[in-house]
Each structure stands twice: as structure tokens, then as C-alpha cells.
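In case you want the letters, here they are:
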2 protein chains.
Amino acid sequence: MATHQTTIIDIAHALGISKSTVSRALTGHPNVNEKTRQRILDMATQVDYQRNQLAISLLTNRTGTVGIMVPEFISFFFPKVIIGVQEEMARSGYNVVICHSNESYETEVANAKALLASRVDGLIVSHTKETRNFDHFKVFQRKGIPVVFFNRVCEDMNVSNVTVDDYNGAFRAVEHLIQTGRRRIAHLAGPDTLMNSRNRLSGYRDALTQYGLPVDPELVIAYDLNLDKANIYVNHLLNLPNPPDALFAMNDPTALEALNVAKHRGISVPDDLAIVGFSDDPISSLIEPGLTSVSQPVGELGQQAAQLLIRQLEAKEDEFQPERIVLPTSLIVRGSTVRSDATILPQLPHPRPLP
Amino acid sequence: MATHQTTIIDIAHALGISKSTVSRALTGHPNVNEKTRQRILDMATQVDYQRNQLAISLLTNRTGTVGIMVPEFISFFFPKVIIGVQEEMARSGYNVVICHSNESYETEVANAKALLASRVDGLIVSHTKETRNFDHFKVFQRKGIPVVFFNRVCEDMNVSNVTVDDYNGAFRAVEHLIQTGRRRIAHLAGPDTLMNSRNRLSGYRDALTQYGLPVDPELVIAYDLNLDKANIYVNHLLNLPNPPDALFAMNDPTALEALNVAKHRGISVPDDLAIVGFSDDPISSLIEPGLTSVSQPVGELGQQAAQLLIRQLEAKEDEFQPERIVLPTSLIVRGSTVRSDATILPQLPHPRPLP
DNA sequence: CTGTTAGCGCATTCAG
DNA sequence: CTGAATGCGCTAACAG
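Residues numbered from 1 in each chain as written. Chains lettered and ligands numbered in written order. Predicted model: local features only at pLDDT ≥ 70, side-chain atom pairs only at ≥ 80, totals over all residues. Heavy atoms only, no water.

## Examining the interface of chain B and chain A
For step 1, the next point in the chain: The interface of chain B with chain A comprises 52 residues on the first partner and 52 residues on the second.
For step 2, the next point in the chain: Summed over both partners, the interface of chain B with chain A comes to about 4,900 Å²; 58% of that surface belongs to carbon and sulfur atoms.
For step 3, the next point in the chain: Close ionic contact of Glu-288 of chain B with Lys-263 of chain A constitutes a salt bridge, the shortest N to O distance being 3.5 Å.
For step 4, the next point in the chain: For the interface between chain B and chain A, the tally reads 14 residue pairs in polar contact (both at pLDDT 80 or more).
For step 5, the next point in the chain: For the side of chain B that touches chain A, the secondary-structure elements that each account for two or more residues are helix H4 (53-60), helix H5 (77-91), strand S2 (95-100), helix H6 (105-117), helix H7 (135-142), helix H11 (252-265), helix H12 (283-286) and helix H13 (298-313) of chain B.
For step 6, the next point in the chain: Its residues placed into classes, the side of chain B that touches chain A shows 26 nonpolar, 16 polar and 10 charged. (Contact = heavy atoms within 4.5 Å. Buried area = accessible area lost by both parts, 1.4 Å probe. Salt bridge = Lys/Arg side-chain N within 4 Å of Asp/Glu carboxyl O. Polar contact = N/O pair within 3.5 Å; in protein donor to acceptor, adjacent residues only side chain to side chain. Helix = DSSP H or I, 4+ residues; strand = E, 2+ residues; numbered from the N terminus. Nonpolar A, V, L, I, M, F, W, Y, C, P; charged D, E, K, R; others polar.)

## A look at the packing of helix H8 (residues 166-179) of chain B against helix H9 (residues 195-210) of chain B
Residue and element names in this part refer to chain B.
For step 1, the next point in the chain: Packing of H8 against H9 brings their axes to within 7 Å, and their N-to-C directions diverge by 40 degrees. If you check the angle between H8 and H9, you find them oblique. Crossing handedness for the pair H8 and H9: right-handed. Listed contacts from H9 to Asp-166, Tyr-167, Ala-170, Phe-171, Val-174, Glu-175 and Ile-178 of H8 are Asn-196, Asn-199, Arg-200, Ser-202, Gly-203, Tyr-204, Asp-206, Ala-207, Leu-208 and Gln-210.
For step 2, the next point in the chain: Taken together, the residues that form the contact of H8 with H9 break down as eight nonpolar, five polar and four charged. (Axes fitted to C-alpha atoms, helices over the stretch in contact; angles between N-to-C directions. Parallel < 35°, antiparallel > 145°, perpendicular 65-115°, else oblique. Left-handed = near helix turned anticlockwise from the far one by under 90°.)

## Quick word on the packing of helix H1 (residues 8-15) of chain A against helix H3 (residues 34-46) of chain A
All names here are of chain A.
For step 1, the next point in the chain: Between H1 and H3, whose axes approach to 10 Å, the crossing angle comes to 120 degrees. Relative to H3, the element H1 is oriented oblique. Handedness of the crossing formed by H1 with H3: right-handed. Of the residues in H3, those in contact with Ile-11, Ala-14 and Leu-15 of H1 are Arg-39, Ile-40, Met-43 and Ala-44.

## What to know about the protein's contact with DNA strand C
For step 1, the next point in the chain: Close contacts around DNA strand C come from 25 residues, with Lys-19, Ser-23 and Tyr-49 of chain A together with Ser-20 and Leu-59 of chain B the closest.
For step 2, the next point in the chain: For DNA strand C, the backbone portion of the atoms within 4 Å of the protein, that is sugar and phosphate, comes to 51%.
For step 3, the next point in the chain: With respect to DNA strand C, the backbone of Ile-8 of chain A contributes an N or O atom lying 2.7 Å from a phosphate oxygen.
For step 4, the next point in the chain: The side chain of Lys-19 of chain A places a nitrogen or oxygen atom 2.5 Å from a base nitrogen of DNA strand C.
For step 5, the next point in the chain: Contributing elements (two or more residues each) for the surface near DNA strand C: helix H2 (19-27) and helix H4 (53-60) of chain A together with helix H2 (19-27) and H4 of chain B.
For step 6, the next point in the chain: Among the elements that line the surface near DNA strand C, the one with the most residues is H2 of chain A, at five residues.
For step 7, the next point in the chain: Taken together, the residues of the surface near DNA strand C break down into nine nonpolar, 11 polar and five charged. (Near = heavy atom within 4 Å.)

## Re the domain arrangement of chain A
For step 1, the next point in the chain: As far as domains go, chain A holds domain 1 (8-51), domain 2 (63-163 + 298-327) and domain 3 (166-297).
For step 2, the next point in the chain: Relative to domain 2 of chain A, the C-alpha centre of domain 1 of chain A lies at a distance of 38 Å. (Domains from an automatic or database assignment.)

## Observations regarding the pairing of strand S6 (residues 185-189) of chain A
Residue and element names in this part refer to chain A.
For step 1, the next point in the chain: Most of S6 is tucked away, with five of its five residues classed as buried.
For step 2, the next point in the chain: The two faces of S6 match: Ile-185, His-187 and Ala-189 on one face and Ala-186 and Leu-188 on the other face are all buried.
For step 3, the next point in the chain: Where S6 lies against strand S8 (residues 246-249), four bridges are found, and the strand directions are parallel. Residue pairing for S8: Ile-185 is matched across the bridge by Ala-246.
For step 4, the next point in the chain: After leaving S6, the chain enters helix H9 (residues 195-210) and then returns to the sheet as strand S7 (residues 220-222), a path that is right-handed. (Buried < 20%, exposed > 50% of the residue type's maximum accessible area, 1.4 Å probe, protein only. Pairing = 2+ DSSP bridges. Right-handed = clockwise from strand over helix to strand, strands pointing away.)

## Remarks on the protein's contact with DNA strand D
For step 1, the next point in the chain: The environment of DNA strand D is made up of 25 residues, and the closest members are Thr-21 and Leu-59 of chain A together with Lys-19, Ser-23 and Tyr-49 of chain B.
For step 2, the next point in the chain: Within 4 Å of the protein, the contacting atoms of DNA strand D are drawn from sugar and phosphate to the extent of 51%.
For step 3, the next point in the chain: At 3.4 Å, a side-chain N or O of Ser-20 of chain B approaches a base nitrogen of DNA strand D.
For step 4, the next point in the chain: Where the surface near DNA strand D is concerned, the elements lending two or more residues are H2 and H4 of chain A together with H2 and H4 of chain B.
For step 5, the next point in the chain: For the surface near DNA strand D, the element with the most residues is H2 of chain B, which contributes five residues.
For step 6, the next point in the chain: By residue class, the composition of the surface near DNA strand D is nine nonpolar, 11 polar and five charged.

## Focus: the sheet that holds strand S3 (residues 122-125) of chain B
Residue and element names in this part refer to chain B.
For step 1, the next point in the chain: The parallel open sheet is built from six strands, whose spatial order is S2-S1-S3-S4-S5-S11. Only two strands of the sheet have a single partner each, and these edge strands are S2 and strand S11 (324-327). Neighbour-to-neighbour, the strand axes of this sheet turn through a mean angle of 15 degrees, independent of strand direction.
For step 2, the next point in the chain: The pairing of strand S1 (residues 65-70) with S2 spans six bridges and is parallel. Residue Val-66 lies in a different strand from S2, and its bridge partner there is Val-96.

## A look at the side chain of Asn-111 of chain B
For step 1, the next point in the chain: For Asn-111 of chain B, the position within the fold is in helix H6.
For step 2, the next point in the chain: Apart from residues lying up to four places away in sequence, Asn-111 of chain B is in contact with Met-69, Cys-99, His-100 and Ser-101 of chain B.

## What about the pattern of salt bridges?
For step 1, the next point in the chain: Across all of its chains, the model carries 31 salt bridges over all chains by this definition.
For step 2, the next point in the chain: The shortest N-O distance in the salt bridge between Arg-339 of chain A and Asp-271 of chain A comes to 2.8 Å. Placement of Arg-339 of chain A in the segment after strand S12 (330-332) and of Asp-271 of chain A in the loop between helix H11 (252-265) and strand S9 (274-279) is noted, with a sequence separation of 68 residues between them.
For step 3, the next point in the chain: What makes Arg-339 of chain A partly exposed here is its relative accessible area of 43%.
For step 4, the next point in the chain: Owing to a relative accessible area of 47%, Asp-271 of chain A belongs among the partly exposed residues under this scheme.
For step 5, the next point in the chain: A salt bridge links Arg-184 of chain B to Glu-218 of chain B; the nearest nitrogen and oxygen atoms lie 3.7 Å apart.

## Topic: helix H7 (residues 135-142) of chain A
Residues and elements named next belong to chain A.
For step 1, the next point in the chain: Within H7, the full set of buried residues consists of His-136, Phe-137, Val-139 and Phe-140. The arc that holds every buried residue of H7, seen down its axis, measures 145 degrees, which confines them to one face.
For step 2, the next point in the chain: Gly-144 lies just past H7 and shows a positive phi near 80 degrees. (Arc of directions from axis to C-beta.)

## Concerning the UniProt feature "domain: HTH lacI-type" (unreviewed entry) in chain A
For step 1, the next point in the chain: Taking the numbering used here, the UniProt-annotated feature "domain: HTH lacI-type" (unreviewed entry) corresponds to residues 6-60 of chain A.
For step 2, the next point in the chain: Segment residues 6-60 of chain A splits into 69% helix and 0% strand. End C-alpha atoms: 21 Å apart. (UniProt positions renumbered as here; feature names shortened; annotations may be inferred.)

## A look at the relation of the copies chain B and chain A
For step 1, the next point in the chain: Screw-axis analysis of chain B against chain A gives a translation of 0.0 Å along the axis, an RMSD of 0.1 Å, and a rotation angle of 180 degrees. Such a combination of turn and shift is consistent with a two-fold rotation axis.
For step 2, the next point in the chain: A share of 100% of interface residues in chain B that are also interface residues in chain A marks the association as one of identical surfaces. (Least-squares fit on C-alpha atoms with pLDDT ≥ 70 in both.)

## Digging into the pairing of strand S4 (residues 147-150) of chain B
Residues and elements named next belong to chain B.
For step 1, the next point in the chain: Every second residue of S4 is oriented toward a common face, with Val-147 and Phe-149 on one face and Val-148 and Phe-150 on the other, all of them buried.
For step 2, the next point in the chain: Judged from the three bridges that link them, S3 and S4 form a sheet pairing that is parallel. Bridge pairing in S4 links Val-125 to Phe-149.
For step 3, the next point in the chain: Handedness of the S3-H7-S4 crossover: right-handed.
For step 4, the next point in the chain: Strand direction decides the pairing type here: S4 and strand S5 (residues 160-164), joined by three bridges, are parallel. From the neighbouring strand, Val-148 faces S5, where its bridge partner is Ser-160.

Laid out in C-alpha cells, this is it:
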């Protein structure tokens, strides 16, 4: 189906001039006669001339394109990050190609190769839950192509990244549950391949400890975030001889599943079971009862990641230092943890991971 | 920041052979000595060689990449379509670059130019609600680059497209409302720039007419799908001297807004106001009451669009005929229109637009 | 089996 | 101000 695309040579021939002049006119070079320039521009429009970015990129060794790779984009989180990235990159004249690893390590590796082959100038990435080996990203580093991680970051690569304060968010969530009277607080965690999953787990543990509550291993389940299985774990927790009176879930979709299970079992939320999620999905404010959730600045996550990348793209090879940005979270309290007449006690100041 | 990437010439030099042989070994050409091939492959791995797709595309005049452009991707609809497209294109060895026009005509035009410049082999697109002029897509046609529309299609371009049966979906939705006893059914429609918006409006009108109900212009509002304003229109309808007893909304987000307004005003759904949406967003089954909605096969929409594009990409220039695929919709009945004890009457057979 | 050559479309020297 | 020449990295004839 491939057809001939008009080139500067076509325009040059049509006008009886050299392709150099056409090139100059098209790129806005000053040294072109005004009349000639106008004739060239007119002709270009007339024949639907469209510059061949492939040729230019090959020549200049820059594509003006960066990649962003995310593990999924059905929930609102990653799409919103992507929009933030695009806004910011567009402002600096970069295009963004979006890749979707679908939580598959294999796909992630394949995508990384494709991005490398298409010579992106940089990469923004949140890795899959299967990813333990980061060689496919280290290649970028070795080749001098900037990489920025966000949300799910790789610790043992010396690159920029932007995350939210997962530890603090989790701590505040659990603290809130304690302050509203819960004593057996379960945690449905993510896989320990994920940095943010580990940090949220630490926040959960430390909050319990600092408030003098035991950490019962029975109440902590790490799962693979496969939503289809969430209800199994929730049911398991509720079937325990000594069931939890609260659940802190790794993310909102998981918390929503829990809410559903509770509803089906006739368990009253928040009276018999309080539930807290993470990310403040728009759904959380629409359902009944509303889901209490740890909110994170999603769009800003993308913007900051983009800014880090741009800074690195525009830095001299040797004068660049990786930066790590941590954005704040905040707890949005809704009906899944408190009835409107409840009172909330003061918080501990500045929780930090125990040494 | 740009650094030198290893090329086949580097490998050739390192091994003291010609770049042609390297090229042959790397592309799997049979005429290469097995030992030489192995040495080349080893060296390639060792130096992180990654083919330069730019050079190959420039040479072959094929990028193996197609673009998909969508107007938004916060709601579940477009992401899910994109996933369907990617699956299908990957199966045929194509990459997909995702573009986001953000419902902005200007951005759409800019994206189209960028895709043209980067020489995509084909394009799958759902246009913005602002788009009235399709010149930026017609350029693709003129250059022999296949274009497939989906969801929001352009009627006056002779290209393939895939849609759902919006007319029928709307008809069945309104029929359902009539059969459950509603007589003043309002329609919060989309802008008339959108094909699907117009078709849903027709289905709404014809259902009323065929069931002998008047079409009251007062009850039909076309709006720009800007969710922030949805509540204004819903309130306007509910404030009418003779307010509606049912609302058929253009899409689920709009219907959810309506549900919210009703809740705030203390209007009972479904008793005083029945509400139906379109697309069956996952949220619709989570909220209380559940939202009755016209479901469409979203993933399949993407797959079919991809298949149409692939068929065209692989067809001979002249033997290709545009195809138009219409996928079925089905009504998912939930609590926003019926209490569980309600009975539903039989439907009219095969509704079709009135001539 | 392997090396040489040409050229994809373009920006950019270097000469006029 | 303009044209001719060069080369980005690669594949595909074309000769050995």
C-alpha cells in the first residue's frame, strides 16, 4: 500500500531550483530570497509536503520523541499521569509515545527494545509487577539515554525518579483507623517486587507499632494485584476466627472489591469493618459509602517526571545528577471509615520509618 | 545528551569484515557462514547493538508503526479500545503509537501532522467533538495511508470505520423506559458534531414516536459533554414546570452526574426519575442504585478497527474497498430504572430509523 | 559465502 | 543568496 511521499526534491524539480534552497526555505533559514521562499512554501502546501522526520532524525541523531511506559491504563491513575507528562513535554517541544506493558515483563522488554530501535531521546517508566531484572532499562543508561522512573521505581539504578510519600500515606491511613477505634487492622498489600508496595507495608507496620498495637502476620496478605482474586483474600480475612475490624488496601480497586464483599456478606461498613484505599480513584467519591483513601497528586506526578527528564535531556553529559522527588499524599476521609458524627483524634507528628 | 549508538559498521570494524555481512547476519539472511554469524551475534550482544529503525524505515519506506488517536482517555472506554487495537496490531507485527487529542481540534491537527512526519503506515482515529473539518485526515488518504475511524466517524470520507449500533442502543434504552411506565423521557444528548450523538438522538426520537409518545423539544438538550456542566442541565430539566420522569443520557459519566443531582435533590431513583446511560462503564455496576446502561463491546471495537486497518495495509493499492462494521449493543438493566420486582414488557422487533 | 555500491530524505558544510 | 557534495545507518542488488 506504500506510496511515494513528496520530498524536497520534488519541490525543487517543480520549481527548477536546488533541494538545498528548498530545505533552507522550509527550515526557516535566513539566507533565502523572499520571493523564492514564498514560491517554495506555496508549492509545499500545494503538494501536501510533509517533512520526513525519519530522515531528519537519522541525520541529527535526535528524534524529539520520548517514550512513556506504563503497566496498565484502565484505572484512572496512569492515564492521568500520561496526560501530565504530555502537557509538560509538549511545552518543551517533545513528542511522547505511549507504551503499555500490560503488567508483562516480556512485553516490557520488547517495548524497551522497540523504543531503543526507534531512538527515543528519553524514557519515563513505571515497571510491571513482574519486573525483577532491569537490564532492559540499564541499556538506556549505558547508551546515555535518560531514564526517569515514577510510581514504581527501581532502586538500584542511579536515575531520577518521582514517587509519592507512600510510607507516610500508609501511616496516616492506619493512624486514622486506630484513632477511630479499630484494633485489628488488616493490610491487603501488593507484591514485594513493587517499591511502593513495600513502603506502604512499612507505613502500616510502623503506625501499628508506634500506637502500641501488635503486628499480626495473619492480617497481612501480599497479593499480585490481580483484581479477580481480591475477593478471595478479603473473604479469607473475614473468615478468620478473630477477624479484622478494619482493612487498609494497597489501592482503591482492591478496596472497592472489599467493600463489595462486605456488602454481600451483610457486614456493615464502617461499623463492623472500616476500609481505606490508596490513590483516591474518582469512583471512591461516587459510591455509597464513600471510600476513605490516600490521595496522591497524580497529574503532578507526570509533570514532575517530565520536568526531570527534560532537565536531563538539556544538561551536559557530565554535569547531571539524578534527582529524587517525593510528592505528598493526603488522607481523604469518607463513609467507609467514619459516620459523619465521628470525632478524629490528633495525629503523631512527622512519621518516619523506624531505623 | 546524545551519544554515539553502536552501528553495524562498528561491529564490522571490530570483526574485520564488511558491514553487509553484519547486516545479513543480523537480519537472518541465509547466506552467511555459521561461524561468522555466531561471532557477529555475540559481538552485537556484547556491545548492546540495537538496530536503528529510523534508517531501516527510511530505506524501506515502511515504519511498521500505526497511530491511534483518541479524544480523551480518562474514562475506561478509549483505553480499552486501545488495548484491543494493540493486541491485534501486535499479532501482525505492528507497533502502535498512541496520540491524545484532548478534545482539541488544534491538537488533533498537530498530532496528525506529527504522525505524517513520522511516517506511520496507517491511522486509527476517533475525532474530537470540535472537529468539523477533516482535511488533516484527508491528507492521509491522498498519500495512500489507510485511515480507519471508530466510535466517532467521519461520514464524508470514503474510509473504513467501525461503530456500534447507536441508533438501536438508544431505541432499546428508551423503549425500556416506556415499558416501565415512563411518559416524559428527557434526553441529555451530545454535540451534533458527533455521528454517534446524532444516531442516539434519532433512536430516542423514533422510540418515542413508534410508541405513540410526543417528542417534546423541551426535554432534549444537546451539550458539549463537558462534565462540569452536566449538573446544570440536569437541574434545568428537573426544574421544568412539567419535569421528566426519566432521563436517557449520552454516556455513563453524564448519567452518573444526573444520579448525583437526583440524590442531592432528594429525588428517588428509579421511582421519581429513571436514568439510563450509554457504554456500561464499570462504575455503573458499583454504585447504588446500579446504573442501567447500553453496553457496547469496547475491546472488540478496537480489534475490529485494527483488523480493518491491517486488511487495508496488506491489500493491493487498487483492490481495496472501504468496509463499515457495526457492532451490536445490549441493554443492561439495573436499579436506576427498575426495582427488582418490576416486570418488563416485550420489545418491538428490529427498530430501524424512520425514512 | 562475502565485499562493494547505491540510495532512502534531509540538513549542512563548502564553494561559488 | 544559491548549488553541489557529504553522510546519518541501513538493506538490497550486484559482483566477485
